[in-house]
Amino acid sequence: MNKKETKNVIIISPYGSDELLNPKHGGSKLIQMQKQYLEEKGYLVKFISLTEFRGFVPLLLKFIGNKKDFIMDKKIGEKRYLTWFLNLLFRIFIYYLQKLDVIFRQNAKKIFRDVCNNQNCVILNNYVYVDVNVISQKCKKIMFAHNVEFDFFRQLTGDKLYCKLFLLIFKKIEKKMIKLHDIICCLTKEDQKILLRETKQKNIVVWVPLPYPMQKMKQPDNTSEMNKNRFVVGFVGAFFDPNIEAAKKIMGIASKVKRSEIKFLIIGSVGKAFIKESLPKNVQLTGWVNDIDTYLQECDVFLNPKQSVKGGLEMKVLDYLKYFKPIITTSNGARGFPLTNTNSIIDDEVESWHKHILLLADNPELRIKIVNNLKSDYESFCKRMDDIFEKNII
């Protein structure tokens, strides 16, 4: 099916419409990016939120969506892995529930029959929430894999025997659903290799929907308390275990930087984890903000010290790339991006990052050189993603 034949694209999401319009999480932001990318290519795009269907599955999705931040705030003692194990159980439960939920299946068939025909393509963003068999066989079905889900949960649920047993069930579900789609889109080569090895499928490609690279900059709010005379080191993170771990490391780095003009800005809901803690004087927490662009534009350097949980794409790096400032990252944090030691700084020894920050603060020429390399490499990366889209996706 080529572009001339395909005029409409339907994007199916487990998120509600409010979350899709104003994303607070990486998953919903990726879905929004799909829409932006396709619309820039001239396609007619329609969101379908599963929360707006009838049946038990939508009610449960809506309930969990409303309680997500509350649930993720909770630690069961020090056994944090139990939160992720419960998340895994929920996905397995939803998969089997949607097969038994007659009201949901009938409503899904009707909606998909009304909007799907041989001119349409459907992108599913969470395969366990809807059985692709209820979608017209005339539609091209694309699975957009935000992560290799079974591998993602393997890293977060630990080595307990009961976790492994349910992971095997979930892995079987994921492999089964992959076979029902025409194209599987991964976000990184590492994820692609895992799925190729596990499924032996040949229809698995790496594609990132990049609706920018050169986004018009937003002017900072005049009421902002941030001082333009500062050298600002920025980090973006939602309230998520790896981000909490990364923010702790950044505070350790900040404590080694004694110069008053260098400030560390931690943007996003990850700040909730440190409300009651004593922070270094050069660290500012914003908490969740409605518009992160105002804060990102104030930064001179961006950090991504992620070391745990390999998989998927780091959405914060996409946010960073909109502004073409030097990025200091671990090799894990750079996964999926055209980042090298000529267009960024890649160093897995996070404890020594204060040296990189001081070097960049004192060398504007070095910052310019890094950014120029980054612009060139990122433009080539965007073109490569466009080529993959034209040849393999729709």
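Heads up: these notes are all about the structure in this document.

Tallying secondary structure elements over the protein chain gives 13 helices and 12 strands in all. Within the span of the protein chain, comprising 394 residues, buried residues form 53% of the whole. Nonlocal contacts in the protein chain, meaning residues at least 24 apart in sequence, comprise 71% of its contacts between residues at least 6 apart. As displayed, the protein chain has an accessible area near 18800 Å², and 53% of this comes from carbon and sulfur atoms.

Within this structure, the stated rule accounts for 0 disulfides. Cys185 supplies the cysteine sulfur nearest to Cys186, a cysteine that is in no disulfide, at a spacing of 7.9 Å.

Turning next to the packing of helix 12 (residues 353-362) against helix 13 (residues 364-393). Close contact between helix 12 and helix 13 brings their axes to 5 Å; oriented N to C, the two are set at 100°. On the basis of the axis angle, helix 12 is roughly perpendicular to helix 13. Between helix 12 and helix 13, the contacting residues are Leu359, Leu360, Ala361 and Asp362 on the first element and Pro364, Leu366, Arg367 and Ile370 on the second. Grouping the constituent residues of the contact of helix 12 with helix 13 by class yields 6 nonpolar, no polar and 2 charged.

Most of strand 8 (residues 262-267) is tucked away: 5 of the 6 residues are buried. Two strands pair when backbone bridges link them, and strand 7 (residues 231-236) and strand 8 are joined in this way by 6 bridges, in the parallel orientation. Along strand 8, the bridge assignment pairs Val236 with Ile267. In this view, the connection linking strand 7 to its parallel neighbour strand 8 by way of helix 9 (residues 241-256) has right-handed handedness. Direction of pairing for strand 8 relative to strand 9 (residues 283-287): parallel, over a ladder of 4 bridges. Counterpart to Ile267 in the pairing with strand 9 is Gly287.

When you tally the buried positions in strand 7, you get 6 out of 6 residues, the bulk of the element. Here strand 7 shows a buried face lined by Phe231, Val233 and Phe235 and a second buried face lined by Val232, Gly234 and Val236. Here 2 bridges tie strand 7 to strand 10 (residues 301-304), and the two strands are oriented parallel to one another. Bridging across to strand 10, Gly234 finds its partner in Phe302.

Judged by side-chain polarity, Tyr96, Leu161, Leu165, Phe166, Leu168 and Ile169 come together as a nonpolar surface patch covering roughly 590 Å² of accessible area. In terms of residue count, helix 7 (residues 161-179) provides more of the nonpolar patch than any other element does, 5 residues in total.

What follows covers the packing of aromatic side chains. In total, this model carries 17 aromatic pairs according to the counting rule given. On the numbers, 5.1 Å between centres and 75° between planes, the contact of Tyr37 with Phe389 is edge-to-face. Remark: Phe389 occurs in helix 13 and Tyr37 occurs in helix 2 (residues 26-40); sequence separation between them is 352 residues. Phe389 matches Tyr37 in its accessibility class, with the two residues each being buried. Here the aromatic cluster, defined as three or more aromatic residues joined through ring pairs, consists of Tyr37, Tyr43, Phe144, Trp207 and Phe389.

As a further point, take helix 9. Between its first and last C-alpha, helix 9 extends 24 Å over 16 residues, near the 22 Å set by a 1.5 Å rise per residue. Buried within helix 9 we find Asp241, Pro242, Asn243, Ile244, Ala246, Ala247, Ile250, Met251, Ile253 and Ala254.

When two helices pack together, their arrangement is given by the angle between the helix axes and by the axis-to-axis distance. In contact at an axis separation of 11 Å, helix 7 and helix 8 (residues 189-199) are set at 90° when each is read in the N-to-C sense. The angle between the axes of helix 7 and helix 8 places the two elements in the roughly perpendicular class. Taking contact as the criterion, the partners of Lys171, Lys175 and Ile178 in helix 7 are, on helix 8, Leu195, Glu198 and Thr199. Looking at the contact of helix 7 with helix 8, its residues break down into 2 nonpolar, 1 polar and 3 charged.

A few words on the sheet that holds strand 9. Strand order in the open sheet formed by 6 strands is 9-8-7-10-11-12, and the pairing between neighbours is parallel. A strand with exactly one partner marks an edge of an open sheet, and here the two such strands are strand 9 and strand 12 (345-346). Of the strands in this sheet, strand 7, strand 8, strand 9 and strand 10 are in contact with helix 9, which crosses strand 8 at around 170°.

Cut-offs applied
Residues numbered from 1 in each chain as written. Predicted model: local features only at pLDDT ≥ 70, side-chain atom pairs only at ≥ 80, totals over all residues. Heavy atoms only, no water. Helix = DSSP H or I, 4+ residues; strand = E, 2+ residues; numbered from the N terminus. Buried < 20%, exposed > 50% of the residue type's maximum accessible area, 1.4 Å probe, protein only. Contact = heavy atoms within 4.5 Å. Areas by Shrake-Rupley, 256 points an atom, 1.4 Å probe, with all protein chains shown as cover. Disulfide = S-S within 2.5 Å. Axes fitted to C-alpha atoms, helices over the stretch in contact; angles between N-to-C directions. Parallel < 35°, antiparallel > 145°, perpendicular 65-115°, else oblique. Nonpolar A, V, L, I, M, F, W, Y, C, P; charged D, E, K, R; others polar. Pairing = 2+ DSSP bridges. Right-handed = clockwise from strand over helix to strand, strands pointing away. Patch = residues over 30% accessible without salt bridge, like charges linked within 9 Å, V, L, I, M, F, W, Y side chains within 5 Å. Salt bridge = Lys/Arg side-chain N within 4 Å of Asp/Glu carboxyl O. Phe/Tyr/Trp six-rings, centres within 6.5 Å; stacked < 30°, edge-to-face > 60°. Expected span 1.5 Å × (residues − 1).

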